[in-house]
Amino acid sequence: MLLIACPYCGPREESEFRYGSEGVPIPSEADDRTWARFLYYRDSPAGLFTERWVHTHGCRQWFYVIRDTLTHEISATGKLDEAPR
Amino acid sequence: MKRLPTGGRIRRDRPLRFTWDGRELLGFEGDTLASALLGAGVDVVGTSASFGRPRGITSAGLEEASGFAQILSGGASEPLVRMTGVGLYEGLAAESRIAKGYLATDMDGGRFDKRYAHCDVLVIGAGPAGTAAALVASTAGARVIMVEADDEVGGALLRDQELLDWKDQSFATLAAAPETRVLTSATAATMLDQNGAIVAQRIGCRVSPSARGGLCEQRLWHVRAKAIVLSTGALERPIVFQDNDRPGILLASGARAYLHRWALAPNRGLVFTTTDDGYRTALDWHAAGVEVAGVIDPRPHGRGELPQKATSAGIRVLHESVVETTFGDEAGRIRAVRVRTPSGAEEIQTDLLAVSGGFEPFLDLHLQRRGPTRYDATLGAPVPSSTLPRQWIAGAANGSMTLRDSLTEGARAAREALAAVGFTAKDWTPPTTAHIEEDAPSFLWLVPAPDGDESRSFVDLFRDGTVLGVERAVGAGIRHIEHVKRYTVIGTGVEQGRSAKTNAAALTARLTERPLATVGTSGSRPPVEPLSFRLLAGRATGERFEPVRTTAIHGAHVALGAVFEPNGQWLRPNHYPRPGESMEDAVRRECRAARTAVAVMDVSTLGKIDLRGPDAVWFLEQLYANAIGTLPVGKARYSIMCRLDGSILDDGVVMRTAEDRFFITASTGHAAAVVDWMEEWLQTEWPDRRVFVTSLTEQLSTVAIVGPKSREVLKDLAPDLDLSKEAFPFLAVRRGTVAGISEAQVARVSFSGELAFEVSVPWDLGAALWSSLLSEGEPFGILPYGLEALQVLRSEKGYIIVGQDTEGTTTPYDAGLGWLVSKEKDFIGKRSFARPALKAPDRPQLVGFLPEEPSFVLPEGAGLVSRVSPPPMEIHGHVTTSHWSETLGRSFGLAMVKGGRARHGETLYAPLEDRVVPVTLVDAVHYDKKGERRDG
Amino acid sequence: MEPAFQNPAFLWRNPRSKPAYDVAIVGGGLHGLATAYYLAKNHAVQNVAVLERGWLGNGNAVRNTTIIRSNYLRDESMPLYELSLKLWETLAAELDYDVLFDQRGLLQLAHTTAEANDARRTVYANRLAGIDAEWLEPEEVKAFCPILNISPRVRYPVVGASLQRRGGIARHDLVMFALARAASARGVDLLQGCEVTGFRIENNRVQGVETSEGTITAGKVALAGAGRTPLLAQMAGFDLPIQSTPLQALVSDGLEPVLNSVVMSGLLHVYVSQARNGGLVMGAARDNYVSYAQRGSFQILEWQIQAALELYPIMSRAHMLRTWAGIVDVSPDASPIIGRTPVENLFVNCGWGTGGFKATPVSGWVYAHTLAHGEPHELNAAFSLERFETGALIDEHGAAAVAH
């Protein structure tokens, strides 16, 4: 059970949240290859990962989390518009 | 062993009766089941897994390798419980089953609870290091939780009889601190990321069944701590030698614990130790008047104080000597050993051989989250090389084996932890401890069998894994300790291989001629100690397994005799059988009412969403495949929402209640997902758009009233609404008073294909609405109908159910809904339609079918082929919906068939278990193709 | 007999790496070992190395819940998994190693009408494809699995189940030993402690790999890294539609036999079997976050055990003895990706997600064919990376409704 600091509500147990993986904006123009990458390809790094979670059983807001996928240490969470590029 | 006349921490004034394999025995309050058995002269507690050799208790704690039993006196019979951890109580009943247990019964009378706790500092282990840490943390004002697996606090202090007064004072201080909680009989079992811990606390299982009352047997704690101090101590390891598994061979520290805590001692004890610590057992026996046959020490004479004390006390010490084999009596219990000394072999008689192969830090909790370790050559064991964030390790667990170091480390750990969580430690002085000069331990690991027969030199008692097995593994080409483990199953027992792993690694290192440090030991998987399923389930069983969601009208359904069907977490009426009526008959009756008279259905579980804002239209145009902007205020439109890949996410009805306000329905099963979907897009892709989404699913009850007479029934209940076809056409939405409920919403939408009105009122008024409709409709023959009848009605109309007629890849075109897909605008999913596979002509498409035999109802799911042959047959499609139609007077259904729309009129075959049923493919709409009844 | 003596006296050679091989397989798990074995056996390609960064099988091979079945749904899937089951049926004899393969029957429970319909659809599809499958009513399910609670009064009563009688289990680590032994005996070099640190690629063609033990030249390089595949792909300069997440499992203490079949419940998210040594082997849904930590979250375990007690009340006092997790490589359609990559002579076999164990033999079989011929076998032709571009996904989420 991870403990995730919702930027709106504070630290809460993982079971209150739903995972959103890497956020990828919709490409405006896309050939089949680009479209396929958008639909199906998401990052799966070993190490730090900037991912999204939503506080489903709380404030229902999406936010970003920077988590190490090898140790599960969460180094930062924050509002979506403050997510590092 | 025998019980000494005095001493120990047992209550001799409180004898307890317990049963072992049906025999009634006596112990005392304060005994464990293990100590009680030993005290009652039961030295053989079972036979081993593979060889059937007699085994006895091997320790006084977590290292126990043989002392497991089936406990019969809990709420249910429980297998493989560690006897050194079972507190004795009156009426305890246990059965000898050391290798395999059994499950006895469905009925478990035990109660198990869960608790959730948060603290600043969690201290795991109440030995000297933990006690120091808890004191420092507690006196600084932090909220402290301390957990100790043993029934008593003190750890090594109890075993070694040290600082007992200080311990008592310390825990009195801790007990008086309002923000400090000390839990005993509480094992920290699993560590969670971000400093959580799962702790299993034994409560009711420590007292008589008759005294248990309402106590839960065990309680599972979920603890979140800002900082954790691991002061879990060190465990002693055995030495491997021939016949090292006889009852009466124990760990030296265990023997000492039995002496001091439970007043148990041998007639004539012998110590075999590679450490100075082992001498304590000999000295303490001696001080208690127990005959000590000697101390066997493979090391040469050294400068250690304890060996000198032993010699001064007249205890015989044999240096540079080893035990090379043992002898047993007729029951298999140890009666003598053969010692190999520099001057030859000697047989020494003993009934308890206390063995110390060294101590190793107990680091399971640190290792669970891959806490790093390094090999300590002095201890011959891994010690932590660093800690996980906001964790500290102190004392023997940290490789600091002296009492003095444990105390100072525990205090330091607490100080650092406090600083990290924002508290300031107060000054604290450790109690005075003597410094004892100790020689370094040696690493013997194993003694070669004198006759070369390594098949009785046990590396793992629980698994009957011997030196011979490890040799075979290495001979097979194995080099890695994990392969040794899997090849020999050494280390996979209930005790997690605690007393086996290091010796196995050392042996492997020796056989492969590598240093132990490079071999390592196999990893540690949680939990530290087994957790019963019931404990993990807690109260979430039976009715509490998962919440039941019911509508406000549920009571009426129950009263009407409804048979319910789970729909997600909801319970929905499936049909309303009259006494003695079959489901089929009930459904026919309900369908007949809906098509020829009037019927009502509780559709409150449908998702209901209020969506409004300046960008509401814009947003809905993105989400839905059909046009939304053209929807007039006061009208509804059947709408399809797609995923990005073009598949149908959900269907529903979008109603425009104002220029920028919409009332949207979603299917019951996808209601939450649709709201989630909307919120995700708005927050992540279009945060600048002003759209407000509110779920109203549980704010409104909705009843559908359907049938040619529905208008007449509703008329008198809604006097201020003009329900005529002209004023209130199909797909219109109005508000008005219905059944005395003001501001009811009435929508002419129809899933049944009949004239129908869906009435929505505030949730709590649903039952009143329902009851009004039923009584108003009585003269018209109104009936309630459920899911099953709805299935028939909607499928007669070719209306799909998303997830039944469609699956995860079905597009609107596949489902015959291409007509509503907008050609003008872009929307979520549109881009995907252009992909080659989504344009393929042989995609499964929705069709209707009619079985050749009009009275035969095909099973849903039946596969359809064009040619019948021995398998394999090419599958052309499958039946998604199949019913008897009261309206059509025959069976019918819907199917997804490859390229189905171009195949109307074709005959396919459904090979079933016992027959092949031909079917003709037809249009999906079987009834009222023009929709005249719906439009009425 | 001591357990060690139930295994053969010789397993494998521990050779030093050669400078070059015809095929280098990256990943010494079950699929990598099976591939090596079939390359040697079916295609007489023996100049093969299996490169394993740790010890053979340390990934999902020793972490799965050992379920074997072929009752998938899609036209493309059924023949693939059914060939696997057929290969399982002769594997122990062929490898001369008792891997405790036990076709004790596999039940998939249905708790709602919708689940029952989905289950029946698969049953019918299986039978049309020549795969054994039956639908059982609750009383029949109970007769097959006596400890199952079919009471209508529980929260989600059992309304029936599909049964594949030929489904069952095997002992995963013994399968690993068996395949490794057979491959080694046929000349395949098993290189443990050999970690691939880079790929040598020239003009978009792979030449070999850089490893912790030096450079190895290879005519073909075959990725078989399961959950670590995204990392390998990244190293080789291309992407895959794969995300790696934890999949947890647990085993109980050793108990006298109570469960005679493998039982899976999609709705309740729990599946369980009882191993030969008496331990109940149980698993459930994936943890849904990217992770390479080989551990998951505790609530997944709590929930599945709650579910297990609903179905099998007799398990009340069984103990959770050990828990662990594998890293499962999840593809968008819950179907594997087997075939070429954008790099010439670099091949990939991944995306088996939660269902790789059962496919061990066929995965090796078709991958070996693909490697030997440079072209997919007819059974893995549809499982190409290209399908994500054309949209021809092979959606087995229903079959993978609960991880297995």
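Caption draft 1: The arrangement of the pairing of strand β8 (residues 92-96) of chain B in detail. Residue and element names in this part refer to chain B. Here 3 bridges tie strand β2 (residues 11-20) to β8, and the two strands are oriented parallel to one another. Bridge pairing in β8 links W20 to A94. As paired elements, strand β6 (residues 68-71) and β8 share 3 bridges and run antiparallel to each other. Its bridge partner being in β8, A69 is matched across the sheet by S96.

Caption draft 2: Broad picture of the interface of chain B and chain A. Taken together, the 20 residues of chain B in the interface contact 24 residues of chain A. Summed over both partners, the interface of chain B with chain A comes to about 2100 Å²; 44% of that surface belongs to carbon and sulfur atoms. Across the contact surface, chain B and chain A share 7 salt bridges. The partner of R369 of chain B in a salt bridge is E73 of chain A, with the nearest N and O atoms 3.1 Å apart. At the boundary of chain B and chain A, one finds 18 residue pairs in polar contact (both at pLDDT 80 or more). Taken together, the elements giving at least two residues each to the side of chain B that touches chain A come down to α19 (671-685) and α23 (830-833) of chain B. A per-element tally of the side of chain B that touches chain A places α19 of chain B first, with 8 residues. Of the residues that constitute the side of chain B that touches chain A, the class distribution is 6 nonpolar, 4 polar and 10 charged.

Caption draft 3: Broad picture of the interface of chain B and chain C. Across the contact, 101 residues belong to chain B and 79 residues belong to chain C. When the buried surface of chain B facing chain C is broken down by residue, L103, F533 and F545 of chain B rank first, second and third, together holding 12% of it. A salt bridge links D173 of chain C to R486 of chain B, with the shortest nitrogen-to-oxygen separation between them at 3.6 Å. Linking chain B to chain C there are 47 residue pairs in polar contact (both at pLDDT 80 or more). Across the side of chain B that touches chain C, the residue classes tally to 43 nonpolar, 32 polar and 26 charged. Relative to strand β16 (residues 319-330) of chain C, strand β31 (residues 531-532) of chain B runs antiparallel, the two sharing 2 bridges. Of the residues in β16 of chain C, the one forming a bridge with S532 of chain B is H319 of chain C.

Caption draft 4: How the structure looks around the sheet that holds strand β21 (residues 322-328) of chain B. Residues and elements named next belong to chain B. Taken together, 3 strands build an open sheet; the order of strands is β21-β22-β23 and the sheet is antiparallel. Each edge of the open sheet is held by one strand with a lone partner, namely β21 and β23 (344-349). The sheet shows a mean angle of 25 degrees between the axes of neighbouring strands, taken without regard to direction. The pairing of β21 with strand β22 (residues 334-341) spans 6 bridges and is classified as antiparallel. Opposite T326, over in β22, you have V337 as the bridge partner.

Caption draft 5: Expanded view of the side chain of E590 of chain B. Residues and elements named next belong to chain B. Along the chain, the position of E590 falls in helix α17 (residues 583-596). Buried within the structure, E590 lacks any salt-bridge partner; its nearest side chain of opposite charge belongs to R589, at an N-O separation of 4.7 Å. Reaching out from E590, the side chain makes a polar contact with the backbone nitrogen of Y576 at a distance of 2.8 Å.

The rules behind each value
Residues numbered from 1 in each chain as written. Chains lettered and ligands numbered in written order. Predicted model: local features only at pLDDT ≥ 70, side-chain atom pairs only at ≥ 80, totals over all residues. Heavy atoms only, no water. Pairing = 2+ DSSP bridges. Helix = DSSP H or I, 4+ residues; strand = E, 2+ residues; numbered from the N terminus. Contact = heavy atoms within 4.5 Å. Buried area = accessible area lost by both parts, 1.4 Å probe. Salt bridge = Lys/Arg side-chain N within 4 Å of Asp/Glu carboxyl O. Polar contact = N/O pair within 3.5 Å; in protein donor to acceptor, adjacent residues only side chain to side chain. Nonpolar A, V, L, I, M, F, W, Y, C, P; charged D, E, K, R; others polar. Axes fitted to C-alpha atoms, helices over the stretch in contact; angles between N-to-C directions. Buried < 20%, exposed > 50% of the residue type's maximum accessible area, 1.4 Å probe, protein only. Lys, Arg positive; Asp, Glu negative; His and termini not counted.

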